[in-house]
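Listed below are the residues making up each chain.
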Amino acid sequence: MSDLFYEHHTNIRKDMLCPFILSLREHSLDCICNWHENVEILMVTEGNGTLRYGNVEMQVCAGDMIIVNSRTIHRLYSEIGVSYYFIIIDEGFCTENGLSVKERSFTPIVRSEESRRLFSELVRAVEDYRSGGNSFQLKAAKARLSVIALLIELCEHHSKIEEHRDEKEKPSEEYIKNIIAYMADHYRENLSLESLSAVCGITKYYLAREFKRYTGQTVFTYLNSIRCKNADICLSEGKSVTEAAYECGFESISYFSRTYKKINGIPPSEFSKKQL
């Protein structure tokens, strides 16, 4: 399964010294709504965009730090493109260092010079460790300490112990999380509102309304995004447009081509240009 929708992060603890993922995403226009158990921290370096956080939207720009709580549905998108570093930190690593993140509610957007400074130090330390070479254990210790220092700052000044959530609100969010995870696993199948709503035992009308409220997209717009993202994987492996279409759940080549172009701005036959 792709790591784009419900992110399992099954490989995050392969590196027991530094169980976290650090990456830079440049000029991104959209990130499909997803959720995961681990806390995620993003630092916007360029551009601006919209953060959908649960069922709330917020504007972000260069210099903003975004803290994604454990199990929170989120999406970052932009009309002009937004660049950002992101780090996903293993929940077990946090707990082992006395910084349980599941019991805390972090401020979604942090604008703090100290937090920015600590994040920059974290990037340098983790990238130095990832570069390999001599003294890797010392580099690992510095990387771990940099992550812990940022988490301490965020826990002390930008979070609170999570209170019990509104019991009327929680089921809706849990239903949407389950549907997102289900579609990520079953996108190749012929899915309908009826079959998806049956997964959670809710009506198709409730699903359609709540899905749009939490993701900002219709069920089928989201499903087609999943299918097109996986089609990218197929195309990058050298498969034909026809093979990619049918392997990813599209019932016709023409519909796949129209949908892919609508989402990505180019037809799938020009996929190689997208990689340049």
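Let us look at the structure shown here. This is a predicted model, so every value here is computed, not measured.

A closer look at unusual backbone geometry
Backbone geometry at His 27 places phi at a positive 50°, although glycine is not the residue there. One non-glycine residue with positive phi stands out, namely Ser 135, at about 60°. Along the chain, the position of Ser 135 falls in the loop between helix H2 (113-130) and helix H3 (136-157). A residue is classified by how much of its surface remains accessible, and Ser 135, at 48% relative accessible area, is partly exposed.

Some words on the pattern of salt bridges
Throughout the structure, instances matching the rule amount to 20 salt bridges. With a closest N to O distance of 3.1 Å, Asp 15 and Arg 130 form a salt bridge. Of the two residues, Asp 15 is situated in the segment before strand E1 (20-30) and Arg 130 in helix H2; the sequence distance between them amounts to 115 residues. Assessed through its relative accessible area of 40%, Arg 130 is described here as partly exposed. Residues Arg 209 and Glu 210 are paired through a salt bridge, measuring 3.1 Å at the closest nitrogen-oxygen approach.

Re the packing of H2 against H3
The interhelical angle for the contact between H2 and H3, taken along N-to-C directions, is 160°, at an axis separation of 8 Å. One finds that H2 runs roughly antiparallel with respect to H3. Classified by chirality, the crossing of H3 by H2 is left-handed. For the pair formed by H2 and H3, the contact residues are Glu 114, Ser 115, Leu 118, Phe 119, Glu 121, Leu 122, Ala 125, Val 126, Asp 128 and Tyr 129 on the first element and Phe 136, Lys 139, Ala 140, Lys 142, Ala 143, Ser 146, Val 147, Ala 149, Leu 150, Glu 153 and Leu 154 on the second. Its residues assigned to classes, the contact of H2 with H3 shows 13 nonpolar, 2 polar and 6 charged.

Comments concerning the pairing of strand E2 (residues 39-53)
By the criterion of burial, E2 is predominantly enclosed, with 11 of the 15 residues buried. Here 12 bridges tie E2 to strand E5 (residues 74-89), and the two strands are oriented antiparallel to one another. Its bridge partner being in E5, Leu 51 is matched across the sheet by Leu 76. As paired strands, E2 and strand E4 (residues 65-68) are joined by 4 bridges and run antiparallel to one another. Note that in E4 the partner of Leu 42 across the bridge is Ile 66. Relative to strand E3 (residues 56-61), E2 runs antiparallel, the two sharing 6 bridges. Bridge assignment links Arg 52 to a residue of E3, and that residue is Glu 57. Connecting the antiparallel pair E2 and E3 is a turn made up of 2 residues, with Gly 54 showing a positive phi of about 65°.

Calculation criteria
- Residues numbered from 1 in each chain as written.
- Predicted model: local features only at pLDDT ≥ 70, side-chain atom pairs only at ≥ 80, totals over all residues.
- Heavy atoms only, no water.
- Helix = DSSP H or I, 4+ residues; strand = E, 2+ residues; numbered from the N terminus.
- Buried < 20%, exposed > 50% of the residue type's maximum accessible area, 1.4 Å probe, protein only.
- Salt bridge = Lys/Arg side-chain N within 4 Å of Asp/Glu carboxyl O.
- Axes fitted to C-alpha atoms, helices over the stretch in contact; angles between N-to-C directions.
- Parallel < 35°, antiparallel > 145°, perpendicular 65-115°, else oblique.
- Left-handed = near helix turned anticlockwise from the far one by under 90°.
- Contact = heavy atoms within 4.5 Å.
- Nonpolar A, V, L, I, M, F, W, Y, C, P; charged D, E, K, R; others polar.
- Pairing = 2+ DSSP bridges.

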